[in-house]
Amino acid sequence: MPGSNNTYLAQASEFISEYIGTLMGCGVHTSRVVRNTNRIAKALDVEVHLSVFHRTVILAVRKDGEAMHSEIVEIPNLPINFRFNSELSALSWEAYDHHLPLHVVKEKFDRIVSTPRFSHNFMLFMAGAANASFCRLFGGDWLSTLIVFIATLVGFTIKALMHKHMSNLHFTVIVTAFVSSIIAGVSVLFDTTSDIAITTSVLFLIPGVPLINGVIDVMEGYILTGFARLAKAFIIILCIAVGLAMTLWIVKNQLI
Amino acid sequence: MIWAILHDAVFAAIAGMGFGALSNPPIKAFPYIALLAASGHAFRFVLMNYLGVDIALASLAASMLIGFGGLWLGYIACFPITVVSIPALLPMVPGKLAYNTVFSIIMFLQTMEDPEEHSRYMYMFIDNGILSLTVIFFLAIGVIVPIALFPKIAYTLTRRQHKY
């Protein structure tokens, strides 16, 4: 029945496009997305052809070399999520090895993507602890470490609030960088390593994952998506620099 | 000396786990991230402070250690190599150098009237800018080399059976 075949094809490609969108959106480097997708497609008995860009993916799915279904997948703007990366990759192997049918794969996929992220408070504490340890690593003393910890907590909270209620990512980053660094800048009032405190207070904003993913993509031949990731990361770094610059302008006489 | 190295390792482990948490890794991955971050950062610390290696080469060596360590631990625990390696690399991202780059731009603009200071900040900008770009590039290379050398292992890390 050609009719049922077409419906299966449509369902399969709808699922595959959702799978690709999630992987690309949550910070998986491009070659892994392509490999995982091909594996899932083999498990579902279809053939896929992909053309990956940084905001969309052009997807062509065909079955038995005849019927063809194309879609343009928009890549959603998801927060980076390595659990999805890990579990969705494992899902692709599981589907491939056990030849799982579409509805089972879809069910497992839905279960994975509905797992909640870490709670806000946990991430808040971890970001604070990470930035504070950074301050120690760069040779800051304990007072600076404490100030950086507090500055990060405030900055991270403001970032989450701004992200929830409004605004443009870049504006959020500028404001967050300014607030964190100006709180760390309070350290110039004390006899402590204030330049280290100010530097490290904004480091939790550095987009380390897109930077490294970008270089990986470029080196693996996905130059377009790689440079797109790098460009995005550099713009964020520039925004951090703008926020930091405003603080430095205010406190620079105490720093030199 | 031992204390200094341990101190470095412990705080690198906390920083790795902390920045890792922001990218929401599987809970089971945290011990591996901590181990990799600590060993990588402490290795770079030893290379730079006791063996006189410069920061770029030391970062390359340390990121290779993390990359191959990530491949091995990923094999044991069924994680993609990037899930454990990238958070472990984050503490080595050269924030201080990037900061110096920005700081020197601001001071460069502020010292137009004083040629000597002006050129000093120009030099500081180029110096720190080149170093931070090189270090970031080398950090990523550390993850790519294990994948490029052992693609069959790296591509099947999350497979539960028939591993290579």
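Residues numbered from 1 in each chain as written. Chains lettered and ligands numbered in written order. Predicted model: local features only at pLDDT ≥ 70, side-chain atom pairs only at ≥ 80, totals over all residues. Heavy atoms only, no water.

## Some thoughts on helix α4 (residues 81-89) of chain B
Thought 1: When you tally the buried positions in α4(B), you get nine out of nine residues, the bulk of the element.
Thought 2: Among all positions in α4(B), only Ile81(B), Thr82(B), Val83(B), Val84(B), Ser85(B), Ile86(B), Pro87(B), Ala88(B) and Leu89(B) are buried. (Buried < 20%, exposed > 50% of the residue type's maximum accessible area, 1.4 Å probe, protein only. Helix = DSSP H or I, 4+ residues; strand = E, 2+ residues; numbered from the N terminus.)

## Overview of the pattern of salt bridges
Pairs can form between side chains of opposite charge once their charged atoms are near each other.
All names here are of chain A.
Thought 1: This model, assessed by the stated rule, comprises five salt bridges over all chains.
Thought 2: A salt bridge links Lys 106 to Glu 18, with the nearest nitrogen and oxygen atoms 3.4 Å apart. Taken together, the positions of Lys 106 in helix α4 (residues 102-113) and Glu 18 in helix α1 (residues 2-25) put the pair 88 residues apart, joining distant regions of the chain.
Thought 3: Residue class for Glu 18 comes out partly exposed when judged on its relative accessible area of 33%.
Thought 4: With a closest N to O distance of 3.3 Å, Asp 110 and Lys 106 form a salt bridge. Of this pair, Asp 110 and Lys 106 are both found in helix α4, four residues apart, which corresponds to roughly one turn of the helix.
Thought 5: For Lys 106, a relative accessible area of 27% puts it in the partly exposed group.
Thought 6: The structure contains a network of salt bridges with shared partners spanning Glu 18, Lys 106 and Asp 110. (Salt bridge = Lys/Arg side-chain N within 4 Å of Asp/Glu carboxyl O.)

## Here's the deal with the packing of helix α1 (residues 2-22) of chain B against helix α2 (residues 30-49) of chain B
Residue and element names in this part refer to chain B.
Thought 1: Close contact between α1 and α2 brings their axes to 7 Å; oriented N to C, the two are set at 135°. On the basis of their axis angle, the class for α1 and α2 is oblique. For the element pair α1 and α2, the recorded crossing hand is right-handed. Facing α1, whose interface residues are Ala 4, Ile 5, Asp 8, Ala 9, Ala 12, Ala 13, Gly 16, Met 17 and Ala 21, α2 presents Phe 30, Ile 33, Ala 34, Ala 37, Ala 38, His 41, Ala 42, Phe 45 and Val 46. (Axes fitted to C-alpha atoms, helices over the stretch in contact; angles between N-to-C directions. Parallel < 35°, antiparallel > 145°, perpendicular 65-115°, else oblique. Left-handed = near helix turned anticlockwise from the far one by under 90°. Contact = heavy atoms within 4.5 Å.)

## As for the domain arrangement of chain A
All names here are of chain A.
Thought 1: The domain boundaries assigned to chain A delineate domain 1 (2-113) and domain 2 (120-255).
Thought 2: The straight-line distance from the C-alpha centre of domain 1 to that of domain 2 is 35 Å.
Thought 3: In this assembly, 13 residues from domain 1 lie in contact with 12 residues from domain 2.
Thought 4: When the two sides are added together, the surface that domain 1 and domain 2 hide from each other amounts to roughly 930 Å², 63% of it contributed by carbon and sulfur.
Thought 5: Linking domain 1 to domain 2 there are zero salt bridges.
Thought 6: Considering each element in turn, the side of domain 1 that touches domain 2 owes the most residues, three residues, to helix α2 (residues 30-43).
Thought 7: Counted by class, the side of domain 1 that touches domain 2 contains seven nonpolar, six polar and no charged residues. (Domains from an automatic or database assignment. Buried area = accessible area lost by both parts, 1.4 Å probe. Nonpolar A, V, L, I, M, F, W, Y, C, P; charged D, E, K, R; others polar.)

## Some thoughts on the interface of chain A and chain B
Thought 1: Taken residue by residue, the interface counts 57 residues in chain A and 54 residues in chain B.
Thought 2: Summing both partners gives a buried area of about 4900 Å² for chain A against chain B, and 74% of it is carried by carbon and sulfur.
Thought 3: It is Phe82(A), Leu137(A) and Ile212(A) in chain A that bury the most area against chain B; as a group they hold 13% of the surface buried on that side.
Thought 4: Between the two partners, chain A and chain B, sit zero salt bridges.
Thought 5: Put simply, chain A and chain B have seven residue pairs in polar contact (both at pLDDT 80 or more) between them.
Thought 6: Taken together, the elements giving at least two residues each to the side of chain A that touches chain B come down to α2, α3 (82-98), α5 (120-137), α6 (142-165), α8 (194-201), α9 (208-219) and α10 (223-255) of chain A.
Thought 7: No other element matches the 11 residues that α5(A) contributes to the side of chain A that touches chain B.
Thought 8: Of the residues belonging to the side of chain A that touches chain B, the class tally is 36 nonpolar, 11 polar and 10 charged. (Polar contact = N/O pair within 3.5 Å; in protein donor to acceptor, adjacent residues only side chain to side chain.)

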